[in-house]
Amino acid sequence: MSEIVRFGVSLEKTLLEKFDKLIHNRKYTNRSEALRDLIRQELFKKEWMNDREVAGAVTFVYNHHIRELANRIMDVQHDNQKMIISTQHIHLDHENCLEIVAVRGKAKDVEKVADLLKSVKGVKYGTLSMTCIKEEGA
Ligand code: NI
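Residues numbered from 1 in each chain as written. Predicted model: local features only at pLDDT ≥ 70, side-chain atom pairs only at ≥ 80, totals over all residues. Heavy atoms only, no water.

**Student:** Describe in detail the domain arrangement of the protein, supporting the description with residues and values.
**Tutor:** Domain boundaries in the protein define domain 1 (13-49) and domain 2 (53-132). Centre-to-centre separation of domain 1 and domain 2, based on C-alpha positions: 28 Å. (Domains from an automatic or database assignment.)

Shown next, in the form of structure tokens:
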């Protein structure tokens, strides 16, 4: 067994309360055990998906009044047009736009495009959901 290392984690009180609730519901005996499982799951998911063909959606909200923001988002999409199969733009209110970008490609490449879009300065909360297109071994 590899050496055990302790490290400190800082997070908002409300988030920790939610985490403790999750731990309780899933019958974990302590936070370390729950955290270990979550990390393993996340790492496993990444390794398993990496080279697989996936389809997914990047969803994010941004304020179109912020200068050049819409253009920067558009640039990222043009630069990655081979992977982007469709974009839906919804005007949520006077200033906020919701964009749903459908993507397709290898999981690791799709993740890169999602990270590029989510990290454009001014883009509010963004998510990526993806699913494998082919069954394993197919
Ligand atoms: Ni709009």
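Don't stop here, the text continues.
**Student:** I'd like to hear about the coordination of the nickel ion, residue by residue, with values.
**Tutor:** A four-donor tetrahedral metal ideally has 109.5 degree angles, and a six-donor octahedral metal ideally has angles of 90 or 180 degrees. The protein atoms that coordinate the nickel ion are His89 (NE2), His91 (ND1) and Cys97 (SG), at distances of 2.0 to 2.4 Å. The sequence pattern describing where the donors of the nickel ion fall on their chain is H-x1-H-x5-C. Taking the relative accessible area as the measure of exposure, His89 reaches 34% and is therefore partly exposed. Judged by relative accessible area, which is 62%, His91 ranks as exposed. (Donors = N, O, S within 2.8 Å, 3.2 Å for Na, K, Ca; no water. Buried < 20%, exposed > 50% of the residue type's maximum accessible area, 1.4 Å probe, protein only.)

**Student:** Before we move on, can you summarise the pattern of salt bridges with the specific residues and values?
**Tutor:** With the rule as written, the count across this model stands at 4 salt bridges. Arg31 is the partner of Asp20 in a salt bridge, and the nearest nitrogen-oxygen pair spans 2.8 Å. Of this pair, Asp20 sits in helix H1 (residues 13-25) while Arg31 sits in helix H2 (residues 31-49), and the two are 11 residues apart along the sequence. A residue is classified by how much of its surface remains accessible, and Asp20, at 29% relative accessible area, is partly exposed. (Salt bridge = Lys/Arg side-chain N within 4 Å of Asp/Glu carboxyl O. Helix = DSSP H or I, 4+ residues; strand = E, 2+ residues; numbered from the N terminus.)

**Student:** Tell me about the nonpolar core, and name the residues and values.
**Tutor:** Ranked by size, the top nonpolar core spans 21 residues in total, and within it Val58, Phe60, Tyr62, Ile73, Val101, Leu117 and Val123 carry the most contacts. Counting only elements with at least two residues in this core, the list comes to strand E1 (53-63), helix H3 (69-79), strand E3 (96-106), helix H4 (107-118) and strand E4 (123-132). In terms of residue count, the dominant contributor to this core is H4 (5 residues). (Core = buried A, V, L, I, M, F, W, Y, C linked by side-chain atoms within 4.5 Å.)

**Student:** So what's going on with the packing of H1 against H2? Which residues, and what values?
**Tutor:** As a packed pair, H1 and H2 sit with axes 10 Å apart at the nearest point and diverge in direction by 90°. Here H1 lies roughly perpendicular to H2, going by the angle between them. Note on element contacts: H2 touches H1 through Arg31, Ala34, Leu35 and Leu38, opposite Leu16, Phe19, Asp20 and Ile23. Tallied by class, residues from the contact of H1 with H2 come to 6 nonpolar, no polar and 2 charged. (Axes fitted to C-alpha atoms, helices over the stretch in contact; angles between N-to-C directions. Parallel < 35°, antiparallel > 145°, perpendicular 65-115°, else oblique. Contact = heavy atoms within 4.5 Å. Nonpolar A, V, L, I, M, F, W, Y, C, P; charged D, E, K, R; others polar.)

**Student:** Kindly report on the sheet that holds E3, identifying the contributing residues and their values.
**Tutor:** Within the open sheet, the 4 strands sit side by side as E2-E3-E1-E4. Their pairing is antiparallel. The outermost strands of the open sheet, each flanked by one partner alone, are strand E2 (84-91) and E4. Pairwise comparison of adjacent strand axes, ignoring direction, gives a mean angle of 15° for this sheet. Where E1 meets E4, 8 bridges bridge the pair, whose relative direction is antiparallel. Paired with Ala55 across the bridge in E4 is Thr131. (Pairing = 2+ DSSP bridges.)

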